[in-house]
Amino acid sequence: MTLNAYPALHAFSVNVLPYITVIVFVVGVVVRSMKWLSAPRGSPTPLSLTAAIRQIILDVILFRKIYRHDRLTWLLIFLFHISAGGIIFGHMRGFKLWSAELFTPLGEGFKNFLVETLPIYMGYLFIATQLLLLLRRLSLEGRKLLSHPNDYAALILLLATSIAGQGMRITPPEAVDTTYTVSFIPRLVVLHLEKIPSVPWFLIHVILTQLFFMYIPYSKLIHIYTGVITAALYGSRRSEYGL
């Protein structure tokens, strides 16, 4: 069996949906950027590189503000982002952005652990932290939190995408000792697989991932991109006033 086992769904998710995803995503980013640029603002603040980097590390990487107010929530969010970063880094290998051979000097066993075993644990950690954060939001709803439907939509969509990805990883592959190339956008976005994964899980994961990317600019998930900019500008403003 190949990934073309469901030809119509495969053709749509691989050959058509990627272009829709790019268009919807770019339009969303442009619209959000125009709203941000048109918003009233005070006098421009000169960018302090040192202060900006410091603020990015403290607020974007270490989540200092959350740590000060709720240590348990901080731990969940920190583990969530660590596992997300690990999963994104692992996916980059499929797009030939790095090679497992980089870890060969550390031993074949260690390389196999990083490539085959660690991603499974990262996947479970990613799903577990999402579930716990969702339960936390539900338990605090109406008391300390006031959520909008799109808050839950983002969480549920990401959770469904993660479960599909984990299902693809833990389900026995359709074929091993073979390579398979999935060309989403020729010469730009090409996935290189070392084994043929479970076809249903793969297609579900591919579709949900693209829906997730389309949704980012239209939700609070836009902070994935704006968080760094905001932290840098805030760091420069604090530096300006000697804070």
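Residues numbered from 1 in each chain as written. Predicted model: local features only at pLDDT ≥ 70, side-chain atom pairs only at ≥ 80, totals over all residues. Heavy atoms only, no water.

Novice: What exactly am I supposed to notice about the packing of aromatic side chains here?
Specialist: Going through the model one piece at a time under the given rule, you end up with six aromatic pairs. Ring centres 5.1 Å apart and planes at 80° place the aromatic pair Tyr-67 and Trp-74 in the edge-to-face group. Its relative accessible area of 34% is what places Tyr-67 among the partly exposed residues. You can call Trp-74 buried: its relative accessible area is 18%. Among the aromatic residues, those joined into a ring-pair cluster are Tyr-67, Trp-74 and Phe-78. (Phe/Tyr/Trp six-rings, centres within 6.5 Å; stacked < 30°, edge-to-face > 60°. Buried < 20%, exposed > 50% of the residue type's maximum accessible area, 1.4 Å probe, protein only.)

Novice: Quick question: what am I supposed to make of the pairing of strand β2 (residues 189-193) here?
Specialist: Regular strands have side chains that alternate between both faces of the sheet. Of the strand pairs in this sheet, strand β1 (residues 180-185) and β2 are connected by five bridges, and their pairing is antiparallel. Residue Thr-181 lies in a different strand from β2, and its bridge partner there is His-192. Counting the residues between successive antiparallel strands, the hairpin from β1 to β2 contains three residues, one of them, Arg-187, with a positive phi of roughly 70°. (Pairing = 2+ DSSP bridges. Helix = DSSP H or I, 4+ residues; strand = E, 2+ residues; numbered from the N terminus.)

Novice: Looking at this structure, I do not really get the nonpolar core. What am I missing?
Specialist: Generally speaking, a soluble globular protein has its nonpolar side chains buried in company with each other. Ranked by size, the top nonpolar core spans 16 residues in total, and within it Phe-80, Phe-126, Leu-133, Leu-158, Phe-212 and Leu-221 carry the most contacts. Broken down by secondary-structure element, the contributors of at least two residues to this core are α4 (71-94), α5 (108-140), α6 (149-170) and α7 (199-215). It is α4 that provides the largest number of residues to this core, a total of five residues. In this structure Leu-158 touches Phe-80, Phe-126, Gln-130 and Phe-212, once residues within four positions along its chain are discounted. Counting residues in hydrophobic clusters, the runner-up holds 12 residues, among them Tyr-180, Val-182, Phe-202 and Val-206. (Core = buried A, V, L, I, M, F, W, Y, C linked by side-chain atoms within 4.5 Å. Contact = heavy atoms within 4.5 Å.)

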